[in-house]
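Tertiary structure, described
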Amino acid sequence: MNEDSAPGRARPGDRGQRGPRLRGSRARAVVPECADTGPAVREISRKGVVSCKGGRGRGGGEADWGTMRYPTRALVELSAIRENVRSIRETAGGAEVMAMIKADGYGHGAAAVAKAALAGGAGRLGVAYVEEALALREAGVDVPVMAMVCTKGDEYERAVERGVDLGVGGLRLLEEVAAAAGRAGRAARVHLAVDTGMTREGAAAEGWPELVERALKEQAAGRVEIVGIWSHLACADEPDHPSVAGQAKVFREAVELAERAGVRPEVRHLANSAAALYLPDTRWDLVRPGIALYGLHPAPGLPDPGLRPAMTVVSQVAFAKRVAAGSGVSYGHAYTTAGDVNVALVPAGYADGVPRNGGNVLELLVGGARRRIAGRVCMDQFVVDLGDDVVQEGDEVILFGPGDRGEPTAQDWAEALGTISYEIVTRIGGRVPRTHLD
Ligand SMILES: Cc1ncc(COP(=O)(O)O)c(C=O)c1O
């Protein structure tokens, strides 16, 4: 059989309606609906599927993606998250770990990540919003969960009833939370936020003494329990940046002032991933790693912390065909084929988290080799130029992963696009199912 007559060989004019390995064929039907069938995915899947969920309940509730066929999936290795937490704990010495699982666990699936992080030794969890904390309570998580970005009108009464820790950096919010606690008949657990120089959350230095004083009054009245004092570093990924030492000093002074006034917090915390790993003086009682849990480097210029990226995004070739030299590809014809070539269509687009500005820039693994996206990324699909190489419909495509098989990492994508890996993993779309592997 010559190459041209091989099954699935793309030929000029082939509309690709029949391929030997189309989705829904018997070969796929013998594996669980949740598992993917490509070799790399099978290799990861040996770890065992723990859960397979998708749709983040946006608008229409949570779809049962686990039983639906969807061509693009995010595989999340929970063993990597457990190991990453262990490793961060070891580096951070005696500090407790609050695993940051906001934004649906940085796109990895908050409930599953929460359980893995706790199994790896985290003692607490951190999220951005009260709603995220309440969702974790609904998922059966009963360790301390802190909501950091608290907003007027949030469900504070419910949050207090469910024992959610609240980040409070202003007098108005303190009052609102205390009033909700009064209605709930139970003290609100608050972590007082001080702005040490990031100019984001927290009381400005001048307002800090008053916030402390008012919180102590509310504590005496039984409406508030001051659980923590915290702040956030602007430049932890640049340890020599002068703001780091400056913020550390202001934090120390703020803690001393509060303690002199009578605050006895369980935990004082300042360090994100980069600080937990590289800035020992900022660790205090508790570190708040986010990106490092997921195995991504928080400060790519600094020594490799040896973590394992937990997420692999896989898809498959939807369609392949041969096209003539000079063919304009995708919207705007931003790419033109240099010769007669085979092209493959990958069913993942910017709605799935493939950045639109990744057109003609991002690489991925198709048919075992690195290829670049050809032309613009569309909402649901993009095209890859294979040259004379051949792929078949259904063949595995790895967008990014830990890099084991030669695929790019989220960090590679971030560098290619001039952004950070945080953005790459958190923007994986709500319709992409997450398959959690043990
Ligand atoms: C207040 C706070 N603490 C901790 C983190 C975790 O940061 P990282 O993911 O860099 O570890 C974040 C994330 O942005 C944050 O906003």
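Residues numbered from 1 in each chain as written. Predicted model: local features only at pLDDT ≥ 70, side-chain atom pairs only at ≥ 80, totals over all residues.

**Comments concerning the overall build of the protein**
- What the protein contains, in helices and strands, is 13 helices and 20 strands.
- A burial count over the protein gives 49% of its 438 residues as buried.
- Excluding contacts between residues fewer than 6 apart, the proportion of contacts in the protein whose partners are at least 24 apart in sequence is 67%. (Helix = DSSP H or I, 4+ residues; strand = E, 2+ residues; numbered from the N terminus. Buried ≥ 20, exposed ≤ 12 C-beta atoms within 10 Å, placed from the backbone. Contact = placed C-beta atoms within 7 Å.)

**So, helix H6 (residues 130–138)**
- Of all the positions in H6, only Val 130, Glu 132, Ala 133, Leu 134 and Leu 136 are classed as buried.
- Tucked into the core, H6 has its buried residues touching helix H4 (102–106), helix H5 (110–119), strand E4 (124–127), strand E5 (145–147) and helix H7 (156–161).
- In the segment just after H6, Gly 140 is the residue with positive phi, at about 95°.

**Considerations on the site of the ligand**
- Every residue lining the ligand is accounted for by Met 100, Met 148, His 232, Asn 272, Ser 273, Arg 288, Pro 289, Gly 290, Ile 291, Ala 292 and Pro 298.
- Class assignment for the residues of the shell around the ligand results in six nonpolar, four polar and one charged. (Near = placed C-beta within 6 Å. Nonpolar A, V, L, I, M, F, W, Y, C, P; charged D, E, K, R; others polar.)

**Observations concerning the sheet that holds E5**
- Pairing is parallel in the closed barrel, where eight strands are placed in the order E3-E4-E5-E6-E7-E8-E9-E10.
- Across three bridges, the pairing between strand E3 (residues 96–100) and E4 is parallel. Within E4, the residue paired with Met 100 across the bridge is Gly 126.
- Each of E4 and E5 is contacted by H6, which is oriented at about 160° to E5, the strand it contacts most. (Pairing = 2+ DSSP bridges. Axes fitted to C-alpha atoms, helices over the stretch in contact; angles between N-to-C directions.)

**Quick look at the pairing of strand E16 (residues 363–366)**
- Direction of pairing for E16 relative to strand E17 (residues 369–374): antiparallel, over a ladder of four bridges. Across the sheet, the residue bridging to Glu 363 is Arg 372, located in E17.
- In sequence, E16 turns back onto E17 through a hairpin of two residues, with Gly 367 there showing a positive phi of about 55°.
- Here two bridges tie E16 to strand E19 (residues 396–400), and the two strands are oriented antiparallel to one another. Bridged to Leu 365 within E19 is Ile 398.

**Re the pairing of strand E8 (residues 224–230)**
- The buried fraction of E8 amounts to five of the seven residues, a majority that puts the element mostly inside the structure.
- Relative to strand E9 (residues 267–271), E8 runs parallel, the two sharing three bridges. The residue bridging Gly 228 from the neighbouring strand is Val 267, located in E9.

**Concerning the packing of helix H8 (residues 171–184) against helix H9 (residues 208–220)**
- As a packed pair, H8 and H9 sit with axes 10 Å apart at the nearest point and diverge in direction by 10°. As summarised for this structure, H8 and H9 are arranged roughly parallel, according to the angle between their axes. For the pair H8 and H9, the contacting residues are Leu 171, Leu 174 and Ala 178 in the first and Glu 210, Leu 211, Arg 214, Ala 215 and Glu 218 in the second.
- When grouped by side-chain class, the residues that make up the contact of H8 with H9 number five nonpolar, no polar and three charged. (Parallel < 35°, antiparallel > 145°, perpendicular 65-115°, else oblique.)

**A word on unusual backbone geometry**
- Positive phi values are uncommon outside glycine, yet Ala 103 reaches one of about 50°.
- Relative to the helices and strands, Ala 103 resides in helix H4.
- For Ala 103, a count of 18 C-beta atoms within 10 Å corresponds to the partly exposed category.
- Even without being a glycine, His 333 presents a positive backbone phi close to 50°.

**Examining the environment of Arg 288**
- As for its position among the elements, Arg 288 is in the loop between strand E10 (286–287) and strand E11 (311–316).
- Put simply, Arg 288 and Ile 101 are 187 residues apart on the chain and 9.9 Å apart in space, counted from C-alpha to C-alpha.
- Once residues lying within four places of it in the same chain are set aside, the contact partners of Arg 288 are Met 98, Met 100, Gly 126, His 269, Ala 271 and Asn 272.

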